[in-house]
Amino acid sequence: NAGVTQTPKFQVLKTGQSMTLQCAQDMNHNSMYWYRQDPGMGLRLIYYSASEGTTDKGEVPNGYNVSRLNKREFSLRLESAAPSQTSVYFCASGRELLSYEQYFGPGTRLTVT
Amino acid sequence: GIQVEQSPPDLILQEGANSTLRCNFSDSVNNLQWFHQNPWGQLINLFYIPSGTKQNGRLSATTVATERYSLLYISSSQTTDSGVYFCAVVGAGGTSYGKLTFGQGTILTVHP
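Remember, it's a predicted structure, so these values are computed and weren't measured experimentally. Each chain has its residues counted from 1, running along the sequence as written. Here the convention is simple: chains get letters from A, ligands get numbers from 1, in the order in which they are written. Reporting in this predicted model follows two pLDDT cut-offs: at least 70 for local features of residues, and 80 or more for side-chain atom pairs to be given and counted; totals over whole chains, interfaces and linings ignore these cut-offs and use all residues. In computing side-chain values, all of the structure's heavy atoms are included and hydrogens and water are not.

Teacher, can you tell me more about the packing of aromatic side chains here?
Geometrically, a pair of aromatic rings is defined through the distance of the ring centres and the angle of the planes. Residue and element names in this part refer to chain A. Two aromatic rings, drawn from Phe, Tyr or Trp (for Trp, its six-membered ring), form a pair once their centres lie within 6.5 Å of each other, and the interplanar angle then sorts them: stacked below 30 degrees, edge-to-face above 60, tilted otherwise. With the rule as written, the count across this model stands at 9 aromatic pairs over all chains. Ring plane angle 75° and centroid distance 6.3 Å describe the contact between Phe 90 and Phe 104, whose orientation is recorded as edge-to-face. Highlighted residues: Phe 90 in strand 9 (residues 87-94) and Phe 104 in strand 10 (residues 102-104), separated in sequence by 14 residues. Across this residue pair, the class does not change: Phe 90 and Phe 104 are buried. Only DSSP runs of H or I with at least four residues qualify as helices, and only runs of E with at least two residues qualify as strands; both kinds are numbered from the N terminus onward. Each residue is placed in one exposure class: buried if its accessible area under a 1.4 Å probe, protein chains only, is under 20% of its type's maximum, exposed if it is over 50%, and partly exposed if it falls in between.

Next up, the structure:
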């Protein structure tokens, strides 16, 4: 099992450009999450999906959209990138929403200039 | 929302030493996890431990949910243990929606 995979690993964007971060899991998990990690801020939840077909905002959703394409895949889209979105983005999955272990992907390091 | 505090913020050890990392949380939890973030940035699951005690090789963890703290023990430390150790919890309150709330981490440096 590959676990949670993310693409790309690194990306540099100019302000105003758009891009989509891809995430897939092969553990048959229902819940999936997108977090961002900033220096001194820890990890913060951007969006989550409790199950296929549902998505909800986390604590820092502004400037992002998500799609739960199927049970395996959960993508994060930046429509118009801003320097404040420079961060490391992690995707995670868990069996169910509230009480199960979450597993993280390797991360995408995004720089917006 | 739930608050998570880790101590110490920094820890420097010689190889072979033992250490204890602490995580305090402000409310009841459904989930508590310990992670190691290695120098390449990967988050590695160490323990899923909302209560009780677990051991995995040189690492062990204990969570006392009624007193709202968890401890991570590292014995006979190795240079490969260096990195940042995070404690993260999912609060038991109705608004937690499965969100892991992370502490600020403990930066561990193990010298040969």
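From this point, things continue past the structure.
In this structure, what is going on with the layout of surface pockets? I would like to understand it.
It is a probe the size of a water molecule, rolled over the atoms, that shows where empty space is left. Here a cavity means grid points, on a 1 Å grid over the protein atoms only, where a 1.4 Å probe fits yet cannot get out; a pocket means an open set of points with protein on both sides within 12 Å along at least five of seven lines; lining residues are those with an atom within 4 Å of a point. Grid points are joined across faces, edges and corners, and a volume is the space filled by probe spheres set on the points. Looking at the largest pocket, its volume works out to about 400 Å³. Contributions of two or more residues to the lining of the largest pocket are made by strand 5 (42-49) of chain A together with strand 10 (101-102) of chain B. For the lining of the largest pocket, the element with the most residues is strand 5 of chain A, which contributes 3 residues. In this classification, the charged set is Asp, Glu, Lys and Arg, the nonpolar set is Ala, Val, Leu, Ile, Met, Phe, Trp, Tyr, Cys and Pro, and all remaining amino acids, among them Gly, are polar. Residues that form the lining of the largest pocket fall into these classes: 6 nonpolar, 11 polar and 4 charged. In this structure, the second largest pocket occupies an estimated 350 Å³ of space. Lining the second largest pocket are 20 residues; nearest its centre among them are Gln 37 and Pro 39 of chain A together with Gln 37, Val 84 and Phe 86 of chain B. Elements supplying a minimum of two residues to the lining of the second largest pocket: strand 4 (31-38) and strand 9 of chain A together with strand 9 (83-91) of chain B. Of the residues belonging to the lining of the second largest pocket, the class tally is 10 nonpolar, 7 polar and 3 charged.

Quick question: what am I supposed to make of the nonpolar core here?
One recurring pattern in soluble globular proteins: nonpolar side chains tend to sit buried together. The set of buried Ala, Val, Leu, Ile, Met, Phe, Trp, Tyr and Cys residues whose side-chain atoms join them within 4.5 Å is what this entry labels a nonpolar core. Counting 22 residues, the largest nonpolar core has Trp 34, Leu 72 and Val 89 of chain B as its most contacted members. In this analysis, two residues are considered to be in contact whenever any of their non-hydrogen atoms come within 4.5 Å of each other. Beyond its immediate stretch of four places on either side in the chain, Leu 72 of chain B contacts Ser 19, Thr 20, Leu 21, Trp 34, Leu 46, Phe 47, Ser 60, Ala 61 and Tyr 85 of chain B. Counting 20 residues, the second-largest nonpolar core is a separate cluster that includes Phe 74, Leu 78, Ala 81 and Val 112 of chain A.

Got a minute to help me understand the side chain of Gln 37 of chain A in this structure?
With respect to the helices, strands and loops of the structure, Gln 37 of chain A is situated in strand 4. Exposure remark for Gln 37 of chain A: the relative accessible area of 15% places this residue in the buried category. We define a polar contact as two N or O atoms separated by no more than 3.5 Å, with the added condition that, inside protein, one atom must be a possible hydrogen donor and the other a possible acceptor, whereas residues neighbouring each other in sequence contribute only through side-chain atom pairs. A polar atom in the side chain of Gln 37 of chain A sits 3.0 Å from the side chain of Gln 37 of chain B. Excluding its chain neighbours within four sequence positions, the residues that come into contact with Gln 37 of chain A are Gly 42, Leu 43, Ser 87, Val 88 and Phe 90 of chain A together with Gln 37 and Phe 86 of chain B.

I'm lost on the state of the cysteines in this one. Help?
Each disulfide consists of a covalent bond between the sulfur atoms of two cysteine residues. Cysteine sulfur atoms are paired as a disulfide whenever they fall within 2.5 Å. Inspection of every chain in the model, using the stated rule, returns 2 disulfides over all chains. Bridging Cys 23 of chain A to Cys 91 of chain A, the disulfide has an S-S length of 1.9 Å. Between Cys 23 of chain A and Cys 91 of chain A the sulfur-sulfur dihedral comes to about -70°; the bridge is accordingly left-handed. Linking Cys 23 of chain A in strand 3 (residues 19-25) with Cys 91 of chain A in strand 9, this pair joins segments that are 68 residues apart in sequence. Here Cys 23 of chain B engages in a disulfide with Cys 87 of chain B; their sulfurs sit 2.0 Å apart. Every disulfide takes its handedness from the sign of the S-S torsion; for Cys 23 of chain B and Cys 87 of chain B that torsion is -60°, giving left-handed. Of this pair, Cys 23 of chain B sits in strand 3 (residues 19-25) while Cys 87 of chain B sits in strand 9, and the two are 64 residues apart along the sequence. In this pair, the class of Cys 23 of chain B matches that of Cys 87 of chain B, namely buried.

Interpretation in functional terms is not warranted from these geometric data alone.
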